[in-house]
Amino acid sequence: MGRLDDKVAIITGAGSGIGRVAASLFASEGAAVVVADVVADHAASAVADIEASGGRAIAVTVDVSDEAQIQAMVDAAVSTYGGLHVLFNNAGIFPDDDGGVLDTPPETWARVMEVNLKGVWLGCRAAVPAMLTSGGGSIVNVASFVALMGAATAQLAYTASKGGVLAMTRELAVEYARKGIRANSLCPGPIETPLLAELLADPARRERRLVHIPIGRFGRPEEIAKAALFLASDESSFVTGSALVVDGGITAAYVTPE
Ligand code: NAD
């Protein structure tokens, strides 16, 4: 018995990092998975991995900020697997030139909002009708711990976009609570994925962040994928409108252990 047996799941940004690990995990729990990513080769290789392990998956190339492409992604799920039950809105960007109030370029602000915030909305907008006709579903939107607390190492557009994801997810959850669709946010702390590879490769920048994590290390993608699995599955059937924080204790801490 898999925890996602008979479910069809779309995961955006599933070619790399958290999304890729989640795609394999969801497939191993019985879901038919739509592996969606803007990088076609990465989506295809993630599908090959899943198939090699006996799972079911298809690759879809999508830019989540594009309305027509997002609709085509949902249509592919429905036409291939007959419905849609889970949407893991995981795709996100974290550009190097996203900085403080005075130095974040307006073009960077705009692109981050397009992908990280509008992309999540477009995903929900396309998925909700398909979930309603499939008898209900679960939407998991990736925010971040930076949506909950500020940092002197500013990344203004990213932080604002993730705050928007939190607020939007609450409202979506309330609107559809009696219609069989649950919606929750996931707030990861810093996780060792390609998104943070450059930043964490710099010993000074790495240490500047590590000191704030009570558990004393960065997270692993599978630790976020497992939280997403809980929210995606019926095990979380009374959980909606919540923000699940998986951050090694960062948001709980004022002073961390020696
Ligand atoms: P990653 O860079 O390893 O993977 C992100 C994936 O999203 C990539 O495969 C990329 O091609 C894809 N993508 C980017 N833009 C896209 C677009 N427009 N359309 C479709 N796909 C697109 O990153 P990750 O660390 O696995 O991050 C996944 C999510 O987790 C992101 O939303 C990120 O903001 C969030 N997050 C990450 C961390 C962390 O520390 N890594 C912390 C908090 C939140």
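Everything below is about the structure shown above.
Please read all numbers here as calculations on a predicted model, not as lab measurements.

*Asks:* Whenever I open this one, helix α5 (residues 156–176) confuses me. Can you help?
*Replies:* Working note: α-helix, 3.6 residues per turn, so residues spaced by three or four point in the same direction. Compared with the 30 Å implied by 1.5 Å per residue over 21 residues, the 31 Å span of α5 between its first and last C-alpha is a close match. If you check which residues of α5 are buried, you get A157, Y158, S161, K162, G164, V165, L166, T169, L172, A173 and Y176. In this structure, the buried residues of α5 make contact with α4 (106–133), β5 (137–142), β6 (181–188) and β7 (243–246).

*Asks:* Would you mind showing me how to read unusual backbone geometry here?
*Replies:* Residues other than glycine predominantly adopt negative phi, and peptide bonds predominantly adopt the trans conformation. The phi angle at D6 is positive, at roughly 70 degrees, despite the residue not being glycine. The topology assignment puts D6 in the segment before β1 (8–12). Taking relative accessible area as the criterion, D6 reaches 71% and is therefore assigned exposed.

*Asks:* Explain the nonpolar core to me, please; I cannot follow it from the model alone.
*Replies:* Nonpolar side chains in soluble globular proteins tend to end up buried together. Among the nonpolar cores identified, the biggest contains 34 residues, and I10, M73, L84 and I139 are the most heavily contacted of them. For this core, the elements supplying multiple residues, two or more each, are β1, β2 (32–37), α3 (67–81), α4, α5 and β6. Element by element, the count of residues in this core is highest for α4, at 9 residues. Every residue in contact with I139, bar those within four places of it in the chain, is listed here: L87, N89, C124, V128, M131, L172, I181, R182, A183 and N184.

*Asks:* Looking at this model, I keep getting lost on the pattern of salt bridges. Mind explaining?
*Replies:* In a structure, side chains of opposite charge can pair up when their charged atoms sit close to one another. Across all of its chains, the model carries 10 salt bridges by this definition. The salt bridge partner of R3 is E235, with a shortest N-O separation of 2.7 Å. You can see R3 sitting in the segment before β1 and its partner E235 sitting in the loop between α8 (221–232) and β7, a full 232 residues away along the chain. You can call R3 partly exposed: its relative accessible area is 35%.

*Asks:* Could you clarify how one ought to interpret the sheet that holds strand β4 (residues 86–89) in this entry?
*Replies:* Strands belonging to one sheet form pairs held by backbone hydrogen bonds; the direction of such a pair is parallel or antiparallel. Read from one edge to the other, the open sheet built from 7 strands follows the order β3-β2-β1-β4-β5-β6-β7, with strand pairing classed as parallel. Edge positions in the sheet fall to β3 (56–61) and β7, since each of these pairs with one other strand and no more. Ignoring strand direction, the axes of neighbouring strands in this sheet form an average angle of 20 degrees. Taken together, the 6 bridges between β2 and β3 define a ladder with parallel strand orientation.

*Asks:* Explain the side chain of D247 to me, please; I cannot follow it from the model alone.
*Replies:* Within the fold, D247 resides in the segment after β7. It is R217 that comes nearest to the buried, bridge-free D247 among opposite-charge side chains, at 11 Å. A distance of 2.9 Å separates a polar atom in the side chain of D247 from the backbone nitrogen of G249. Setting aside residues up to four positions removed in sequence, D247 forms contacts with F145, G189 and I213.

*Asks:* What is the right way to read helix α2 (residues 40–52) from this model?
*Replies:* Across its 13 residues, α2 extends 18 Å between first and last C-alpha, which sits within 8% of the 18 Å expected from 1.5 Å per residue. For α2, every residue scored as buried is listed here: A43, A46, V47 and I50. Along the axis of α2, the buried positions cluster into a sector of 100 degrees, meaning they face one direction only. Of the exposed residues in α2, the ones pointing more than 90 degrees away from its buried face are D41 and A52. At the C-terminal side of α2, G54 shows a positive phi close to 90 degrees.

*Asks:* What am I meant to see in the packing of aromatic side chains here?
*Replies:* Within this structure, the stated rule accounts for 2 aromatic pairs. Where F94 meets Y158, the ring centres are 4.8 Å apart and the plane angle is 85 degrees; that geometry is what we call edge-to-face. Placement of the pair is F94 in the loop between β4 and α4 and Y158 in helix α5, with a sequence separation of 64 residues. Taken individually, F94 and Y158 each receive the classification buried, so the pair is uniform in this respect. The ring of Y176 has K179 sitting right over it, with the charged end atom 5.2 Å from the ring centre.

Basis of the calculations
- For every chain, the first residue of the written sequence is number 1, and numbering continues from 1 onward in sequence order.
- Whole-chain, interface and lining totals are the exception, using all residues; otherwise, since this is a predicted model, local features are given only for residues with pLDDT of at least 70 and side-chain atom pairs are given and counted only at 80 or more.
- Excluded from the side-chain calculations are hydrogens and water; all other atoms, namely the structure's heavy atoms, are used.
- Counting from the N terminus, the helices are DSSP H or I runs at least four residues long and the strands are E runs at least two residues long.
- Multiply 1.5 Å by the residue count of a helix minus one, and that product is the helix's expected span.
- Buried means the residue's accessible area, taken with a 1.4 Å probe over protein chains only, is under 20% of the maximum for its type, while exposed means over 50%, and partly exposed covers the values in between.
- The contact rule is simple, with two residues in contact once any of their heavy atoms fall within 4.5 Å.
- Residue types Ala, Val, Leu, Ile, Met, Phe, Trp, Tyr and Cys, when buried and joined through side-chain atoms within 4.5 Å, form a set referred to as a nonpolar core.
- When a carboxyl oxygen of Asp or Glu lies within 4 Å of a side-chain nitrogen of Lys or Arg, that pair is called a salt bridge.
- Here, any two strands with at least 2 DSSP bridges between them count as paired.
- Convention adopted: a line fitted to C-alpha atoms gives each axis, helices being fitted over their contacting stretch, and angles between N-to-C directions are expressed from 0 to 180 degrees.
- Just so you know, the count uses Lys and Arg for positive and Asp and Glu for negative, and it drops His and the chain ends.
- Polar contact is defined as a pair of N or O atoms within 3.5 Å, subject to the rule that within protein one atom must be able to donate a hydrogen and the other to accept it, and that residues adjacent in sequence are counted only when both atoms are side-chain atoms.
- What the arc covers is the set of directions going from the helix axis to the C-beta atoms.
- Aromatic rings from Phe, Tyr and Trp, taking only the six-membered ring of Trp, are treated as a pair when their centres fall within 6.5 Å; an angle between ring planes under 30 degrees marks them as stacked, one over 60 as edge-to-face, and anything in between as tilted.
- We count a charge as sitting over a ring when the NZ of a lysine or the CZ of an arginine lies within 6 Å of the ring centre and within 35 degrees of the ring normal.

These figures capture arrangement, not role.
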